[in-house]
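Report on the structure
Single-letter residue listing:
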Amino acid sequence: MKTIEDLDVAGRRVFVRADLNVPLSDGTITDDGRIRAVAPTIAKLVERGARVVVASHLGRPKGEPDPQFSLAPVAARLGEILGRPVAFATDTVGESAKATVAALADGEVTLLENLRFNAGETSKDDAERGAFADELAGLADLYVGDGFGAVHRKHASVFDLPARLPHAVGDLIATEVGVLKRLTEEVERPYVVVLGGSKVSDKVGVIDNLLGKADRILIGGGMAFTFLKAKGYEVGSSLLQEDQIPTVLDYLKRGEENGVEFVLPVDVAVSGSFPDVRTQAPVEDFAVVADDAIPAGTLGLDIGPRSGALFAEKLADAKTVFWNGPMGVFEHPAFADGTRAVTQALIDSDGFTVVGGGDSAAAVRILGFDETKFGHISTGGGASLEYLEGKTLPGLAALEG
């Protein structure tokens, strides 16, 4: 794959497909990690005299404009991070986009409105998607793919547009791919994988593929309760995917056959109801119980302190660690300790530690940890998982052509 150093960008319009899908609360950005991650690529292009046209999706609008998913707040924050004005086009390929791009001088930046405000971006129909890609191509001379969090999507700006313009990968994608190769090729051992989050079904492919690669797989978060149920334990009202129990049993059996150690929680923090993460109201019925003693009517919302210590022990000698998914409802202080324990264990490790994007990356920042203490914090949880599953990612395949 070509890099931006291989492109002559001075005075040319460079379309940068970024992933600026940041969380918003009442129009305020609550985590700007993805904006900061792509800023160095944009800054490098600016320094070389490019006319930079940045584009991204945000959220899941239904193929038409929706004010709650506007990228306007992102344009303002991107400008602050770059230390220069960022013009904002109020549409994707309409009059505002064309006028804003036409007005760019060398070294200037504009951000287009949310790509998913146009149905062609995510269309399953090749012709409709291609027509939108044609319109986007009219706004630029060159293409730089740097939205790693979207490369597993066959979308117009990710898959179709690179075929229409000379293209290269940005620094962020180049870094992400390099890191993922370290997790799949010539891995330093012990190799420990920590998986959390809500559902086993979200991690089926990656667990299946890692059973032949990892030395240990630590299971926390909501998905742990399907594993505990598979062991015959009652899990109260905790999140449970009954249909995944046969799959989990198969994983446990194959892990034993292949010498892969599964590590499950030995205690759980519970409550009778889901906590209010907005008000951070105290949890009156908070309790820690053994993994086989979750009371009926209660929800498991975090791994307990003994589990946190066990997970830290299992991470202590790791030479390579991949972590995707929090251990509990870390947004509330009553149920953040499990995620905090795992995060600290990664920092204490002497190995190469990778935080697999999404909620895990947000947890690192929300809980106040120093991001520089990790080997890498990914910007694309879903893309990382699909790469580790061994899938071909459409956005990367397009950039290789």
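To be clear, the structure that these remarks concern was listed above.
What counts, and at which threshold
Residues numbered from 1 in each chain as written. Predicted model: local features only at pLDDT ≥ 70, side-chain atom pairs only at ≥ 80, totals over all residues. Heavy atoms only, no water. Pairing = 2+ DSSP bridges. Helix = DSSP H or I, 4+ residues; strand = E, 2+ residues; numbered from the N terminus. Salt bridge = Lys/Arg side-chain N within 4 Å of Asp/Glu carboxyl O. Buried < 20%, exposed > 50% of the residue type's maximum accessible area, 1.4 Å probe, protein only. Axes fitted to C-alpha atoms, helices over the stretch in contact; angles between N-to-C directions. Core = buried A, V, L, I, M, F, W, Y, C linked by side-chain atoms within 4.5 Å. Contact = heavy atoms within 4.5 Å. Expected span 1.5 Å × (residues − 1). Arc of directions from axis to C-beta. Parallel < 35°, antiparallel > 145°, perpendicular 65-115°, else oblique. Left-handed = near helix turned anticlockwise from the far one by under 90°. Nonpolar A, V, L, I, M, F, W, Y, C, P; charged D, E, K, R; others polar.

**Brief notes about the sheet that holds strand 11 (residues 261-263)**
One open sheet accounts for six strands, arranged 11-10-9-15-16-17; its pairing is parallel. Bordering the open sheet on either side are strand 11 and strand 17 (376-377), each of which pairs with just one other strand. Direction of pairing for strand 9 (residues 191-195) relative to strand 10 (residues 216-219): parallel, over a ladder of four bridges. Each bridged residue has a counterpart across the sheet, and for Val-194 the counterpart in strand 10 is Leu-218.

**Regarding the pattern of salt bridges**
Applying the stated criterion across every chain yields a total of 25 salt bridges. Across the salt bridge formed by Glu-257 and Lys-253, the nearest N and O atoms sit 2.8 Å from each other. Of this pair, Glu-257 and Lys-253 are both found in helix 9 (residues 245-258), four residues apart, which corresponds to roughly one turn of the helix. Each member of the pair, Glu-257 together with Lys-253, is exposed.

**Structural notes on the sheet that holds strand 12 (residues 267-271)**
The strand order across the open sheet formed by three strands is 13-12-14, and the pairing between neighbours is antiparallel. Two strands bound the open sheet, and with one partner strand each, they are strand 13 (287-290) and strand 14 (299-303). Averaged over all pairs of adjacent strands, the angle between their axes in this sheet comes to 45°, without regard to strand direction. Looking at chain direction, strand 12 and strand 14 are connected through four bridges and run antiparallel. Counted as the bridge partner of Ser-271 is Leu-299 from strand 14.

**Details of the nonpolar core**
Core analysis: the largest hydrophobic core is formed by 67 residues, its most contacted members being Phe-15, Leu-112, Ile-207, Ile-217, Ile-219 and Phe-227. In this structure, Ile-207 is in contact with Leu-195, Met-223, Phe-227, Tyr-251 and Phe-262, ignoring residues within four places of it in sequence. In terms of nonpolar packing, the next biggest core, distinct from the first, is built from 31 residues, Val-9, Val-22, Leu-71 and Phe-117 among them.

**Some details on the environment of Ala-105**
In this fold, Ala-105 is placed in the loop between helix 3 (95-102) and strand 6 (109-111). Classification of Ala-105 as partly exposed rests on a relative accessible area of 33%. On a C-alpha basis, the gap between Ala-105 and Asp-291 in space is 62 Å, while along the polypeptide they are 186 residues apart.

**Quick look at the environment of Leu-111**
Within the secondary structure, Leu-111 is located in strand 6. On the basis of relative accessible area, Leu-111 is assigned to the buried category, the value being 0%. Aside from chain neighbours lying at most four places away, what touches Leu-111 is Leu-20, Val-54, Ala-55, Leu-71, Val-74, Ala-75, Val-86, Ala-87, Phe-88 and Ala-89.

**Some details on helix 11 (residues 337-348)**
Look at helix 11: 16 Å from first C-alpha to last across twelve residues, which is about the 16 Å you get at 1.5 Å a residue. Inspection of helix 11 places Gly-338, Thr-339, Val-342, Thr-343, Ala-345 and Leu-346 among the buried residues, and these make up the whole buried set. Buried residues of helix 11, seen end-on, are gathered within an arc of 160° and therefore sit on one face of the element. Of the surrounding secondary structure, the elements contacted by the buried residues of helix 11 are strand 9, strand 14, helix 10 (305-315), strand 15 (320-324), strand 16 (352-355) and helix 12 (358-366).

**Here's the deal with the packing of helix 1 (residues 33-47) against helix 2 (residues 72-82)**
Each packed pair of helices is defined by two parameters, the angle between the axes and the distance between the axes. Contact geometry of helix 1 with helix 2 gives a least axis separation of 10 Å together with a crossing angle of 60°. When the axis of helix 1 is compared with that of helix 2, the two are oblique. You can see that helix 1 and helix 2 cross each other, and the crossing is right-handed. Here Ile-35, Arg-36, Ala-39, Ile-42 and Ala-43 of helix 1 come into contact with helix 2, specifically with Val-74, Arg-77, Leu-78, Ile-81 and Leu-82. A per-class count over the contact of helix 1 with helix 2 returns eight nonpolar, no polar and two charged.

**A few points about helix 3**
The set of residues buried in helix 3 consists of Ser-96, Ala-97, Thr-100 and Val-101. Buried residues of helix 3, viewed axially, fall in a sector of 120°; they line one side. Exposed and facing more than 90 degrees away from the buried side of helix 3 are Glu-95 and Ala-102. On the buried face of helix 3, the contacting elements are strand 1 (13-17), strand 4 (51-55), strand 5 (86-88) and strand 6.

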